[in-house]
Every structure is written in C-alpha cells, then in structure tokens.
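# Summary of the model geometry
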Amino acid sequence: MEHRLVCTGGDLLIRGAAADPDRAAVVMPGERRSYAELLAAAVDAARSLHGLGVRRGDRVGILMPNSLTYLESWFGAMLLGAVVVPVNSRFRTRELRHVMPDAEVTVLLVADEPGVVSFVDRITTAFPDLADQAGAAGGAPLELPDAPDLAHVVDFSSTGAPGVIDVGRWVDARADVAPDVVELAASRVTVRDPATIFYTSGTTSLPKGCILTHEAMVRQGQDTAERMDLRVGDVMFSPLPMFHSACSQPLFAMQWVVGTYCTMPTFDAAAGLQLIRDEGTTVMYTAFPPITDGLVDHPDYDPEPFRRVRSIFTVAPPTQLRQLEAKLPGTKVVTAFGMTEVAGSIAMSDPRDPLELRIAPGKPLRGAEVEIRDIVDDTPVPDGVEGQIVGRGPTLFSGYQGSPDLTAAVLDADGWYHTGDLGVIDENGLLHFRGRLKDMLKIGGENVASIEIESHIISHPEVNMAAVVGIPDARLGEVAVAYVEPVRGASLTPEDVIEWCRGEIASFKVPRHVELITEWPMSATKIRKVDLRERAAATFTGEATP
C-alpha cells in the first residue's frame with residue numbers, strides 16, 4: 001500500500017519547489033511561474049499580509065479574475081496560517097455585503113479584469129463608506145459599519161479608488177517583515193487548521209461558507225491524482241474559476257504530482273485550444289459542459305493535439321459523455337459526484353475502466369464512504385434502490401461558517417453529510433446520480449426527477465444543454481417546462497423537442513412547454529433553476545398538453 005503524508009497547503013508548494021524548482025507550476029496565456037518562482041512570490045505575499053496585520057486564523061478575501069496574483073496570494077495566506085475566502089466573481093452588492101462580515105474578512109485583495117469588469121467598483125458600490133476612509137490609502141485601518149472586521153482593501157489595479165491600498169503600499173507593507181517570519185508562521189500551521197472558506201452558490205438563499213481544512217484540500221488533491229492516474233510532470237488544462245472548489249481540486253492534484261497547471265483569466269475556447277497545443281497538455285479538467293463542449297465544438301478544434309491527452313474530466317449525463325469521448329482521439333472521459341462540502345469530489349470514475357463504467361460517477365475516493373439512505377427514515381437501502389446520497393471521509397468540510405444550525409441540519413452525529421441528492425449504487429458498486437432531492441416534480445401524483453427528462457432531451461443530436469423545471473397545473477398539480485440550448489447551427493424547434501420525447505418517456509413526463517435559449521442564468525458553475533422557475537411561471541401556464 002502506498003504511504004502518503006498529509007501536509008498543509010503551504011507545505012505542498014514548498015515540497016514541489018524542493019522537488020523540481022524549475023518546472024512550470026502554473027501557466028497562463030503569456031506568463032508562467034516555476035515552482036521556485038511561485039513559492040518566492042507566495043512568501044512575498046505572506047510578508048505583505050503579515051505587514052498589514054494578518055495572523056494565523058485571520059480571513060483574507062480574494063476578489064479578482066484568475067491570475068498568478070490570485071494563486072500567489074492564496075498560497076501566501078496559507079503559509080501564514082490565514083484562511084482564504086475566494087469571493088465568487090458573480091457576487092454583487094447583496095452577496096458582498098453578506099460574505100464580508102459573515103466570513104469576518106480582515107483584508108480583501110481586489111483586482112479588475114480590464115475591459116471586462118471592475119471588481120473595485122463592485123466593492124466601493126457595496127460599501128459606500130469606503131469613500132469616507134481618508135486615511136485608509138496610507139495604511140490606516142478601515143472602519144466600516146457593514147464590515148466591522150475589514151481593516152484593509154488592497155487594489156492591485158491601482159485605480160485610485162477611495163479607501164483602498166494600492167500596489168505600492170502592498171509592497172511597502174513587507175519591508176520590515178523578513179522571510180524567516182513567514183517560515184516560522186508556516187511551521188506552526190497544522191493540517192486540521194482551516195485553510196479556505198468557499199461560499200456556495202446560494203440558489204435559494206444567501207451563500208453559505210464551507211470551511212475546508214488543509215487536510216481536506218490536500219487529501220482531495222492526492223485522491224484525485226490517484227484516481228485520475230496523474231503522473232509526475234503531467235500538464236493539465238483547467239480553466240475553472242479560482243473562487244470554486246472545482247479549481248482547488250485539480251490545482252492541488254497537480255501540486256501533489258509536481259505537474260503543470262494551465263489556466264486562463266476567463267475561459268475562451270480559441271485561446272484554450274492554443275494553450276493545449278502549446279503546452280503539450282496530457283490531462284484535462286474542464287468539469288462543465290459549457291467549457292468542455294466549447295472546446296471540442298469550436299471551429300478551431302483539431303483532434304491532433306488531443307492525442308496526447310490521456311483523460312478529460314467533466315460532469316454531464318451519460319449520453320453526453322459518450323458523445324464527448326467519440327469526438328476525442330484516444331482520450332478517456334471520466335466523471336464524478338461531489339460538492340463544495342467534500343472539497344470537490346467524493347466519488348469518481350476511473351480512466352482505466354471501460355467506457356460504460358466511466359460514465360457513472362464511480363466509486364468513493366480513498367478514505368471516503370458513500371451510502372444511499374431512505375428519504376423518509378434515513379436508513380441504509382440495498383444496492384439498486386434509490387435514495388438520498390450521504391457521505392463522510394477526510395475531505396469533508398468542518399461546517400458552515402457561523403451557522404451551527406445549518407451545519408447540524410446536514411451533518412449527523414456520526415459524521416455523515418446528507419447531500420440532498422438522489423442516487424443509487426449498482427451491482428458493480430458504482431454510484432449513479434439521479435438528481436436533487438428537491439429537484440423533483442410531482443406530476444399527477446408521480447415523482448419525476450428533472451434529470452430523467454433532461455437526460456433524454458440531451459440525447460437529441462441537435463441539443464447541447466437542457467434544464468427542466470416545474471410549473472403549477474390545475475389538473476396534474478405540476479407539469480414540466482424544458483429550457484433547451486441547441487447546438488450551433490441547428491434548426492431545432494420546440495416542437496422537435498416535444499416530438500423527441502413522445503413515445504420515449506411516459507406521457508406525463510413530456511414537457512408541456514419548451515423554450516429555446518442561448519444563455520443560461522448561472523450561479524458559479526451551475527444553472528440557477530430558481531431563475532428558470534420564475535421565468536417559466538411568468539411565461540407559461542400549465543394547461544397545454546403534449
């Protein structure tokens with residue numbers, strides 16, 4: 001049995017810099033950092049944070065596009081033992097005014113994405129009292145009634161906004177902090193210390209902060225590397241947002257194998273394909289169909305560079321996964337089941353298995369346990385019987401920030417996390433996802449999982465994506481409405497979608513209404529079904545019949 005040592009997130013980078021200092025740790029279009037360079041920059045970031053008063057356990061928020069600065073600051077904070085709060089780049093005033101005080105952020109690092117979005121403007125809009133903080137630009141602590149813990153906002157874009165510190169002041173803050181101060185701080189961080197608080201998308205309420213320890217994040221990286229058969233020196237393409245555990249999972253996996261992590265500020269298919277070619281990508285972690293399909297369906301897609309790619313990770317229905325693998329020359333498609341509360345994935349398929357086994361989320365990762373429980377009495381059910389997916393293991397979150405009641409509602413006394421998802425374990429021990437426990441329609445007294453209808457619609461050759469929601473119906477209680485994104489250049493009509501369903505699925509499951517769309521309401525990396533339900537209720541009645 002392989003012996004693996006668990007370390008802190010900061011020690012993971014130190015380990016890589018010692019093993020292969022000159023290897024590229026992170027590559028972005030037009031710039032890169034070796035392991036040695038990334039560590040040196042992280043130490044400098046830690047020195048600046050220390051100079052601004054950050055100590056072990058303090059919370060450091062980061063609101064900026066994917067960048068080397070983002071990762072340098074993240075690892076720098078972990079070296080100090082501070083807790084990183086990656087702020088969702090889609091958050092606006094309401095969410096920002098919730099997250100800053102909820103996470104008890106003491107220093108917030110902000111940078112604009114030139115020509116795309118000003119995160120500095122978002123912060124000054126959310127906290128207008130910044131304009132009255134005359135001394136803050138010189139380093140005086142902030143005094144904000146709506147974010148009482150927030151002492152400093154550092155603006156890496158140097159916009160000159162009132163109340164914030166510019167890059168020059170950030171650099172000056174480290175002048176009196178020697179590197180050995182960081183080394184001593186790093187030596188005191190333990191694997192059970194909190195490392196990161198990811199805020200979940202909050203589709204029905206304000207976001208919840210999932211607290212993840214160093215151990216949870218590092219072991220998730222180790223387990224992912226093991227299951228995906230990642231190797232020393234691998235080059236991974238993964239353009240996922242750094243505010244999400246879908247980034248930290250593959251990032252820490254590549255740190256574990258001392259490989260190269262390729263990403264970009266925001267996903268662009270043409271630039272992504274160029275990066276894959278130029279860097280000799282060997283594995284891909286694209287995770288979500290809009291990214292994965294955006295690459296293989298792009299006019300510039302050339303299968304030749306993909307011959308080097310051993311495996312690609314994405315989450316999609318089985319039909320879509322089969323279609324993806326058919327487009328790739330020799331690349332194995334793998335998928336998983338997970339969520340922020342388990343630091344990424346708790347079960348994942350194996351690229352060494354046959355395709356029909358790989359299109360299910362697979363078996364639990366090392367150390368993890370997964371069970372299916374009866375949705376009424378929470379007792380374990382036999383294989384083949386559907387119920388709620390529950391799991392526990394070393395990558396499980398420590399709880400929701402400041403919300404013991406919410407934590408107690410999903411974590412039982414034995415450490416089992418109740419996911420709120422439906423699933424079944426088959427005769428091969430493979431987990432199959434059946435949809436959200438609450439993402440169920442009640443049509444004429446019958447329980448219908450939205451994913452069941454969605455999976456059939458997606459099997460249509462001219463459908464790229466589908467999402468099904470319910471609307472009230474006087475006769476049946478509820479009926480289905482399908483939102484469908486056609487593939488590029490398709491001549492698909494709503495009637496075509498309904499006809500595709502007729503005779504193939506039970507008549508009561510056939511969508512009563514279909515709307516074709518090209519843009520989805522998104523929350524982080526998931527479709528906001530709450531928005532689709534509101535849209536459907538405002539657009540349709542449930543009286544039509546298929």
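Parameters and conventions
Residues numbered from 1 in each chain as written. Predicted model: local features only at pLDDT ≥ 70, side-chain atom pairs only at ≥ 80, totals over all residues. Heavy atoms only, no water. Salt bridge = Lys/Arg side-chain N within 4 Å of Asp/Glu carboxyl O. Helix = DSSP H or I, 4+ residues; strand = E, 2+ residues; numbered from the N terminus. Buried < 20%, exposed > 50% of the residue type's maximum accessible area, 1.4 Å probe, protein only. Polar contact = N/O pair within 3.5 Å; in protein donor to acceptor, adjacent residues only side chain to side chain. Contact = heavy atoms within 4.5 Å. Pairing = 2+ DSSP bridges. Axes fitted to C-alpha atoms, helices over the stretch in contact; angles between N-to-C directions. Parallel < 35°, antiparallel > 145°, perpendicular 65-115°, else oblique. Nonpolar A, V, L, I, M, F, W, Y, C, P; charged D, E, K, R; others polar. Core = buried A, V, L, I, M, F, W, Y, C linked by side-chain atoms within 4.5 Å. Phe/Tyr/Trp six-rings, centres within 6.5 Å; stacked < 30°, edge-to-face > 60°. Lys NZ or Arg CZ within 6 Å of the ring centre and 35° of its normal. pLDDT = per-residue confidence, 0-100. Expected span 1.5 Å × (residues − 1).

## A closer look at the pattern of salt bridges
Counted by the stated rule, this structure contains 27 salt bridges. Note that Asp 146 is salt-bridged to Arg 97, the shortest N-O span being 2.9 Å. Residue Asp 146 is found in the loop between α5 (119-126) and β6 (152-155), and its partner Arg 97 is found in helix α4 (residues 93-103); the two are separated by 49 residues along the sequence. We classify Asp 146 as partly exposed; its relative accessible area is 30%. According to the relative accessible area criterion, Arg 97 is partly exposed, its value standing at 33%. A single network of salt bridges, built from pairs that share partners, joins Asp 229, Arg 231, Asp 350 and Arg 352.

## Overview of the side chain of Thr 292
Looking at the element boundaries, Thr 292 is found in helix α11 (residues 289-296). Assessed through its relative accessible area of 1%, Thr 292 is described here as buried. At 2.7 Å, the side chain of Thr 292 forms a polar contact with the side chain of Thr 286. Once residues within four sequence positions are removed from consideration, Thr 292 is found in contact with Thr 286, Ala 287, Ile 312, Thr 314 and Leu 324.

## Quick look at the environment of Asp 377
One can find Asp 377 in the loop between β17 (369-373) and β18 (387-392). Owing to a relative accessible area of 48%, Asp 377 belongs among the partly exposed residues under this scheme.

## What about the sheet that holds strand β20 (residues 431-436)?
Across the sheet, which stays open at both edges, the four strands sit in the order β17-β18-β19-β20 with antiparallel pairing between neighbours. The two strands at the open ends of the sheet, each matched to only one other strand, are β17 and β20. Across the sheet, the axes of successive neighbouring strands diverge by a mean angle of 50°, strand direction being ignored.

## Quick word on the packing of helix α8 (residues 214-227) against helix α9 (residues 245-257)
Interhelical geometry of α8 versus α9 gives an angle of 75° and a closest axis separation of 7 Å. Here α9 runs roughly perpendicular to α8, going by the angle between their axes. Facing Met 217, Val 218, Gln 220, Gly 221, Gln 222, Thr 224 and Ala 225 of α8, the residues of α9 in contact are Ser 248, Gln 249, Phe 252, Ala 253, Trp 256 and Val 257. Of the residues belonging to the contact of α8 with α9, the class tally is seven nonpolar, six polar and no charged.

## A few points about the nonpolar core
Counting 94 residues, the largest nonpolar core has Leu 49, Trp 74, Leu 109, Leu 230 and Phe 397 as its most contacted members. When residues in this core are grouped by element, the largest group, nine residues, is from helix α3 (residues 68-80). Among the nonpolar cores identified, the runner-up in size contains 32 residues, and Leu 441, Ala 482, Leu 492 and Val 510 belong to it.

## Points about the environment of Ala 482
The topology assignment puts Ala 482 in strand β24 (residues 477-486). With 319 residues separating them in the primary sequence, Ala 482 and Gly 163 have C-alpha atoms 47 Å apart. Residues within four places of Ala 482 in sequence aside, it is in contact with Ile 457, Ala 467, Val 468, Pro 511, His 513, Val 514 and Glu 515.

## Observations regarding the side chain of Thr 314
Positionally, Thr 314 belongs in strand β12 (residues 311-314). From its side chain, Thr 314 meets the backbone oxygen of Ala 287 in a polar contact 3.4 Å long. Polar contacts involving the side chain of Thr 314 include one to the side chain of Thr 292, which spans 3.0 Å. In this view, Thr 314 contacts Thr 286, Ala 287, Phe 288, Pro 289, Thr 292, Leu 321, Leu 324, Val 333, Val 334 and Thr 335; residues no more than four positions away in its chain are not counted.

## Remarks on the packing of aromatic side chains
Using the criterion set out here, one finds nine aromatic pairs in the structure. Measuring from ring centre to ring centre gives 5.6 Å for Phe 397 and Tyr 417, while their planes differ by 75°; the resulting arrangement is edge-to-face. Taken as a pair, Phe 397 in the loop between β18 and α14 (404-410) and Tyr 417 in strand β19 (residues 417-425) lie far apart in primary sequence, 20 residues in all. Both residues of the pair, Phe 397 and Tyr 417, belong to the buried class. Within the aromatic cluster, the residues linked to one another by ring pairs are Tyr 70, Trp 74 and Phe 198. Over the ring of Trp 256 we find Arg 15, and its NZ or CZ is 4.0 Å from the ring centre. Between the NZ or CZ atom of Arg 373 and the centre of the ring of Trp 416, over which it lies, the distance is 5.1 Å.

## As for the sheet that holds strand β23 (residues 463-473)
If you walk across this open sheet you meet the three strands as β23-β24-β25, and the pairing is mixed. The open sheet terminates on both sides in strands that have one partner only, identified here as β23 and β25 (513-516). When the angles between neighbouring strand axes are averaged without regard to direction, this sheet yields 25°. Of the strand pairs in this sheet, β23 and β24 are connected by 10 bridges, and their pairing is antiparallel. Pairing of Val 469 across the sheet is with Val 481, part of β24. Lying on the sheet, helix α17 (residues 529-539) is in contact with β23, β24 and β25; it crosses β23 at an angle near 60°.

## A few points about the confidence of the model for the protein
In this model, the protein carries an average pLDDT of 92, and 97% of its residues clear a pLDDT of 70 or more. Long-range and interchain partners of residues 542-546, a stretch whose pLDDT sits below 50, account for 17 contacts in this model, where long-range means more than four residues apart.

## Topic: α9
Taking 1.5 Å as the rise per residue, α9 with 13 residues should run 18 Å; its terminal C-alpha atoms sit 18 Å apart, in good agreement. Of all 13 residues making up α9, 13 are buried, and the element is well covered by its neighbours. Backbone geometry just downstream of α9 places Val 258 in the positive-phi region, at approximately 55°.

## With respect to unusual backbone geometry
In this structure, Asp 229 takes a positive phi of about 60° despite not being glycine. Looking at where Asp 229 falls in the secondary structure, it is placed in the loop between α8 and β9 (235-237). Its identity as a non-glycine residue notwithstanding, Ala 287 has a phi of 70°, on the positive side. Structurally, Ala 287 can be placed in strand β11 (residues 283-287).

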